[in-house]
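Topology and contacts: notes
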2 protein chains.
Amino acid sequence: MSATEDEITGWFASQSKLPPEDFPIGIGDDMAQIRLGNETVLITTDMLLDGLHFDLRNATLRQVGYKAMAVSLSDCAAMATVPLAAVVSVGLPKSFGTKELKELHSGIISAGNKFACALVGGDITRWKCENPFVINVAMLSKPAENGPLKRSGAKVGDSICVTGSLGGAGFGKHLGFEPRVREALKIAQMVKVNSMIDISDGLSSDLNRICQQSGVGAVIEAAQIPISNEAKKTDSPLNCALNDGEDFELLFTLSEKEWPKLSNQWKERTTLTRIGTINDTGKMQIKMHDGRVNDLEAEGYNHLSR
Amino acid sequence: MSATEDEITGWFASQSKLPPEDFPIGIGDDMAQIRLGNETVLITTDMLLDGLHFDLRNATLRQVGYKAMAVSLSDCAAMATVPLAAVVSVGLPKSFGTKELKELHSGIISAGNKFACALVGGDITRWKCENPFVINVAMLSKPAENGPLKRSGAKVGDSICVTGSLGGAGFGKHLGFEPRVREALKIAQMVKVNSMIDISDGLSSDLNRICQQSGVGAVIEAAQIPISNEAKKTDSPLNCALNDGEDFELLFTLSEKEWPKLSNQWKERTTLTRIGTINDTGKMQIKMHDGRVNDLEAEGYNHLSR
């Protein structure tokens, strides 16, 4: 069996001995953090492939440019940091020219402008043979007042919460979603958050990352999971909400006391839902509608599965 | 006719209104510079495609990992900045597994370690169909004492200089070249340099970038150009040295007075050669061995040519 993405990322992390004074956050979170004198900067990189993260047969280049930026903006959100600037690399199919680049650019800019994230550079290259389009965004952010929120801070007893609704993003939301940058910054400002991640590969997989990196377990309640309207139209709405991925909603944990405080003060349009509790079992479980408690596997998207 | 890479980059730059206090260097140089409180950080991104920047039929993944990092390290050198950290994204062919990722990683680390440039994160993704390998490196650096050196600072009367020798990098050097990070920092420390770039697309194209961005012209002397042994074995050594690209040597200009100072003090193994003079003609020319002066076109590699 081949290694999962998290296993190989773990191996990479074990190979890099990063002094924490220079690199407060290294490999394995949504962004890495680098010290620069009295300041720190965070960086993330995301590669999107035609046929996997989008399909140019039914997505426009403007949508693809938007999505490429939004995915990285969602990483900034996942740590409650403030987006600063992005550089974009593209590998173009032979048939692409100036027109295609300008259309792509309009999508990149429309996403960046929403969060004052400037496009500051890039790299344009073209396949020699007929190969599909690939785009990579690397993005910088800076910590907000309450520092970057990590995956590894979840504590036993924490409430587990999500923004928005989950599942079925593949029906369209994945191309036009709103990165939760403002929500993350607002939440981090209002209450003490112990851990945060964005749901890119699916609730089950991303909750598993919080559990693994925090050394805790979790139980979530099927009845509490906010299932999207798109997922509800499918044969298995719960399964979609748990494993579809590309929701790009926030998943975060905070102490039991902080949740009512947040919930009462929250006046934004984006909903917040408490879906479960962090525990010390070391495993993930889900309480079904009939009261049964099942083990929950990380069955979201694995980029290394074949 | 389709636009050149420089034309489209110019169009992108014209679309981004970057406040110079926040972004001292924007689109169009080797790296962009971003202000963070009292500090600044620079960023570059480079995408390498199988079949274009390397060919996995005759390059190892270790070599490819090394080259991907070295290309970005050369961007750090091009501005005489100090490499800090890199994030690497990969798009894997379906057949790649853990073994291939570890081989690639060894090359990435071997290049990074030479310049204390840490691997701090990445993104691993895999093509759904059988498509070729793609790798992107985004790298951060910090300015050295004498600030980042830009392409736009060349002045009429400047001496034009290069490190090492040029041409024929495709015979092997392009996979194992030594990024001129140390040389750039040393040169910038020893003398006042007015402009600098690394030769990635060929001397003619990269000198053209200095001329265009500085609003100057240049005349170089064929007899002074340091032609590599590999280029000398070809039918057209001078043409190779002017246009092959991927030399990853430094091309820089400094006042006529500074050149002898630099040249006399220089004790490093890497050679420095004065190849010509910046002038106000607004065009590039080359003085041939027979004394004739020909116009010199930017005929190096254009990533948007088809």
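Notes on the structure follow. Quantities reported herein were computed from a predicted structural model and do not represent experimental measurements.

Moving on, we get to the overall build of chain A. When you go through chain A residue by residue, the secondary structure sums to 9 helices and 12 strands. Against the compact-globule benchmark of 19 Å for 306 residues, chain A has a radius of gyration of 19 Å, which places it among compact chains. For chain A, the spread of C-alpha atoms along the principal axes amounts to about 55 × 55 × 45 Å. For chain A, with 306 residues in total, the buried portion stands at 60%. Within chain A, the 38 negative side-chain charges are centred at a point lying 4 Å from the centre of the 32 positive side-chain charges.

This brings us to the relation of the copies chain A and chain B. Here chain A sits on chain B after a turn of 180 degrees about the axis and a move of 0.0 Å along it, with an RMSD of 0.0 Å. In the structure described here, the two chain copies are related by an operation that fits a two-fold rotation axis. Most of the interface of chain A is mirrored in chain B, where 100% of its interface residues again form contacts.

What follows covers helix H2 (residues 61-78) of chain B. Compared with the 26 Å implied by 1.5 Å per residue over 18 residues, the 26 Å span of H2 of chain B between its first and last C-alpha is a close match. With 16 of 18 residues buried, H2 of chain B is to be regarded as a mostly interior element.

Once that is clear, we can look at the packing of aromatic side chains. All names here are of chain A. Applying the stated criterion across every chain, the model contains 8 aromatic pairs over all chains. With a centroid separation of 4.2 Å and 15 degrees between ring planes, the pair formed by Phe177 and Phe248 is classed as stacked. Within this pair, whereas Phe177 is found in the loop between helix H4 (173-176) and helix H5 (181-190), its partner Phe248 is found in the loop between helix H8 (237-243) and strand E9 (250-254), the two being separated by 71 residues in sequence. Given the relative accessible area of 4%, Phe248 is considered buried. Taken together, the ring pairs in this structure connect Phe54, Phe96 and Phe133 into an aromatic cluster.

Right, let's talk about the pattern of salt bridges for a bit. All names here are of chain B. Going through the model one piece at a time under the given rule, you end up with 31 salt bridges over all chains. Notably, a salt bridge pairs Lys261 with Glu258, separated by 3.2 Å at the nearest N-O pair. One end of the pair, Lys261, and the other, Glu258, are both in helix H9 (residues 258-265), 3 residues apart, so they sit about a helical turn from each other. Since its relative accessible area comes to 14%, Glu258 is described here as buried.

Reading the values: the criteria
Residues numbered from 1 in each chain as written. Chains lettered and ligands numbered in written order. Predicted model: local features only at pLDDT ≥ 70, side-chain atom pairs only at ≥ 80, totals over all residues. Heavy atoms only, no water. Helix = DSSP H or I, 4+ residues; strand = E, 2+ residues; numbered from the N terminus. Rg over C-alpha atoms; globule rule 2.2 N^0.38 Å. Buried < 20%, exposed > 50% of the residue type's maximum accessible area, 1.4 Å probe, protein only. Lys, Arg positive; Asp, Glu negative; His and termini not counted. Charge placed at Lys NZ, Arg CZ, Asp CG, Glu CD. Least-squares fit on C-alpha atoms with pLDDT ≥ 70 in both. Contact = heavy atoms within 4.5 Å. Expected span 1.5 Å × (residues − 1). Phe/Tyr/Trp six-rings, centres within 6.5 Å; stacked < 30°, edge-to-face > 60°. Salt bridge = Lys/Arg side-chain N within 4 Å of Asp/Glu carboxyl O.

Read these as layout, nothing more, since geometry by itself doesn't imply function.
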